[in-house]
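Descriptive structure summary
Residue strings, one per chain:
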Amino acid sequence: MIVRVPIDQLQIGMFVHELDLSWHRHPFLFNKFTLRSQREIDAISETGLQFVAVDITRGIAPPKMPGRKTVGVSGTRLDSSSAAAQPARPIPPICSKLDHEQEVRKASKLISKSKKSVLKLFDDARLGRAVNHKKMVPLIDQILETVDKDPSIILNVARLKTKDEYTYLHSVSVCALMMNFARRLNLGEDKVRELGMAGMLHDVGKMVVPEMILNKPGRLENDEIDIVRTHPAMGHQILSASKNIHPTALDVCLNHHEKMDGTGYPSKLDGNELSLAARMAAICDVYDAVTSQRSYNQPWSASEALARMQQWTGHFDQILLRSFIESLGIMPKGSVVRLSNRSLAIVIGEDPGDFAQAKVRSFYDLERRDTINPCDIQLSRARPDVSIVCQEDPKKFGFKDDELVAIAALENVRTLDLL
Ligand SMILES: [Fe+2]
Ligand SMILES: [Fe+2]
């Protein structure tokens, strides 16, 4: 049960269900977490929020709530003196190396479980049987849980699909991308899951396309393209014949290849005729396709894909595309970030080794509160416990824009090998 709790009633042991802020406006790694210290409560109040959505089934309830537990974590009651003893700047929670490795293992298991379920569902479609989407509901919940913790983990694992796995794992990726995107747009819980299911089912019509066309190396002939282009309508037909499929899934299945300028297929609908779900799906679908290894081309890097997608005028809803880029948490060059090794760093480029990772230049020690000799860190090659914790405002630390430009422009900076 979710309740809105005024900031001054937050207590250690409460489970924060949602912070009504974009991720870069608060210092926490996740949007959902248990409050474990007064510093975290102070950090929330520093954001200017008046209320926080708290899940009272996963933590303690506010005063005057039925069944309220009266103690904090480890049975310790809070007092106001503990708040006064804390340093002014909150230190956000940090994902440890062990946590990270565990999450990656969990995501890998979830992906292989998902693959089996999607295979079964798609096999039913291929054999002309109705698809039982209800079996996918617990899977969608687990994927959402992973997305809420750290979307880059599941998206990274799902991106590493082989050519043969593409069609199945593409569905899992689009499901995760849709839910992560929906979170960014602050859509309601039901809507988030609805869009996840729509992402999972969007390409079910591909099951009627012969495998030799689907996995053909090299370019398709015109008649083969015509066959592939039947998959939205075929999928819509399969889903319409199945029980209780949500209209959003039907819409996304039929319209995910439509374009804003009306040149897509199958119905040449334009932007005014396309739902939010269909416009979101068009972005997630293409993004996963071009960043994955497929039979006919090499994958693009995340930033290359996003840069190219922004140039395809008429294809995507460009305002939504900007939100999508933000939902992936890809930091633009020049952003100042806090690293988990207690330093400030400036993003100087893309990490060629990993999706959604950055190459950063650390330049300030947050513990000594002093500048350090800059050094470059390629985050995908760093130990998993060295990671970006949050974006920071450099002005809070007294850095001016021209100083940051000068740091970013330095040449012959040493590279820190953290492996
Ligand atoms: Fe498709
Ligand atoms: Fe697709």
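The structure displayed is predicted, hence computed values, not measured ones.

**Observations regarding the overall build of the chain**
Helix and strand content of the chain: 15 helices and 10 strands. A buried classification covers 49% of the 419 residues belonging to the chain. Counting contacts in the chain only where the partners sit at least 6 residues apart, residues at least 24 apart contribute 66% of the total. For the chain, the exposed surface amounts to about 20,600 Å²; the carbon and sulfur share of it is 51%.

**What to know about the coordination of the iron ion (ligand 1)**
For the iron ion (ligand 1), the full set of protein donor atoms is D203 (OD), H231 (NE2), H256 (NE2) and H257 (NE2), and the range of their distances to it is 2.1 to 2.3 Å. Taken together, the 4 donor atoms coordinating the iron ion (ligand 1) and their angles of 86 to 174 degrees define a geometry best described as irregular. The distance between the iron ion (ligand 1) and the iron ion (ligand 2) is 3.4 Å, with D203 acting as a donor to both metals. Placement of the pair is H231 in helix α10 (residues 231-240) and H256 in the loop between α11 (247-255) and α12 (276-291), with a sequence separation of 25 residues. What makes H231 buried here is its relative accessible area of 1%. Note on H256: relative accessible area 2%, which makes it buried.

**Structural notes on the coordination of the iron ion (ligand 2)**
Under ideal tetrahedral coordination, the four donors around a metal are separated by 109.5 degrees; under ideal octahedral coordination, the six donors are separated by 90 or 180 degrees. Coordination of the iron ion (ligand 2) by the protein involves H170 (NE2), H202 (NE2), D203 (OD) and D285 (OD), with metal-donor separations of 2.0 to 2.3 Å. Between the 4 donor atoms coordinating the iron ion (ligand 2), the angles at the centre fall across 80 to 177 degrees, so the site counts as irregular. Counting gaps between the donor residues of the iron ion (ligand 2) yields the pattern H-x31-H-D-x81-D. Residue classification places H170 among the buried residues on the basis of a relative accessible area of 1%. Residue class for D285 comes out buried when judged on its relative accessible area of 6%.

**As for the packing of aromatic side chains**
The final tally for this structure, using the stated rule, is 8 aromatic pairs. On the numbers, 5.9 Å between centres and 50 degrees between planes, the contact of F122 with Y168 is tilted. With F122 in helix α3 (residues 97-126) and Y168 in helix α6 (residues 166-184), the pair connects residues that are 46 residues apart, well separated along the chain. Of the two residues examined, F122 and Y168, each falls in the buried class. Between the aromatic rings of F363 and F399, the centroid separation amounts to 5.0 Å while the plane-to-plane angle is 85 degrees, which identifies the pairing as edge-to-face. Linking F363 in strand β7 (residues 358-365) with F399 in the loop between β9 (388-391) and α15 (401-409), this pair joins segments that are 36 residues apart in sequence. The two residues F363 and F399 agree in class, both being buried. Sitting over the face of the ring of F51, R4 holds its NZ or CZ atom 4.3 Å from the ring centroid. When the ring centre of W300 is taken as origin, the NZ or CZ atom of R308, which lies over that ring, is 3.9 Å away.

**A look at the pattern of salt bridges**
Counted by the stated rule, this structure contains 16 salt bridges. For D124, the salt bridge is made with R129, and the minimal N-O distance between the two is 3.0 Å. Linked through salt bridges whose partners overlap, the residues forming this network are D141, D148, R183, E189 and R193.

**Examining α10**
Since the α-helix packs 3.6 residues into each turn, any two residues three or four apart lie on the same face. Of the residues making up α10, those classed as buried are H231, P232, G235, I238 and L239. Angularly, the buried residues of α10 cover 125 degrees about the axis, an arc narrow enough to put them on a single face.

**Some words on the side chain of D148**
With respect to the element layout, D148 can be found in helix α4 (residues 137-149). On the basis of relative accessibility, which here comes to 16%, the residue D148 falls in the buried class. A distance of 2.8 Å separates the side chain of D148 from the side chain of R183, its partner in a polar contact.

**Comments concerning the confidence of the model for the chain**
In this model, the chain carries an average pLDDT of 80, and 80% of its residues clear a pLDDT of 70 or more. Here residues 65-97 is modelled with pLDDT under 50, and outside its nearest four sequence neighbours on either side it reaches 53 contacts, counting other chains as well.

**A few points about the nonpolar core**
I143, M200, Y287 and F324 are the most contacted members of the largest nonpolar core, which has 65 residues in total. Among the elements that take part in this core, α6 stands out by supplying 11 residues, more than any other. V16, L19, I44 and V54 belong to the second largest nonpolar core, which has 18 residues in total.

**What about the packing of α10 against α11?**
Between α10 and α11, the shortest axis-to-axis distance is 7 Å and the interhelical angle comes to 160 degrees. Put simply, α10 runs roughly antiparallel to α11. α11 is crossed by α10, and the crossing has right-handed handedness. Contacts from P232, A233, G235, H236, L239 and S240 of α10 reach α11 at A249, L250, C253 and L254. For the contact of α10 with α11, the residue count by class is 7 nonpolar, 3 polar and no charged.

Conventions we followed
- Residues numbered from 1 in each chain as written.
- Chains lettered and ligands numbered in written order.
- Predicted model: local features only at pLDDT ≥ 70, side-chain atom pairs only at ≥ 80, totals over all residues.
- Heavy atoms only, no water.
- Helix = DSSP H or I, 4+ residues; strand = E, 2+ residues; numbered from the N terminus.
- Buried < 20%, exposed > 50% of the residue type's maximum accessible area, 1.4 Å probe, protein only.
- Contact = heavy atoms within 4.5 Å.
- Areas by Shrake-Rupley, 256 points an atom, 1.4 Å probe, with all protein chains shown as cover.
- Donors = N, O, S within 2.8 Å, 3.2 Å for Na, K, Ca; no water.
- Tetrahedral: all angles 85-135°; square planar, octahedral: opposite > 155°, others 65-115°.
- Phe/Tyr/Trp six-rings, centres within 6.5 Å; stacked < 30°, edge-to-face > 60°.
- Lys NZ or Arg CZ within 6 Å of the ring centre and 35° of its normal.
- Salt bridge = Lys/Arg side-chain N within 4 Å of Asp/Glu carboxyl O.
- Arc of directions from axis to C-beta.
- Polar contact = N/O pair within 3.5 Å; in protein donor to acceptor, adjacent residues only side chain to side chain.
- pLDDT = per-residue confidence, 0-100.
- Core = buried A, V, L, I, M, F, W, Y, C linked by side-chain atoms within 4.5 Å.
- Axes fitted to C-alpha atoms, helices over the stretch in contact; angles between N-to-C directions.
- Parallel < 35°, antiparallel > 145°, perpendicular 65-115°, else oblique.
- Left-handed = near helix turned anticlockwise from the far one by under 90°.
- Nonpolar A, V, L, I, M, F, W, Y, C, P; charged D, E, K, R; others polar.

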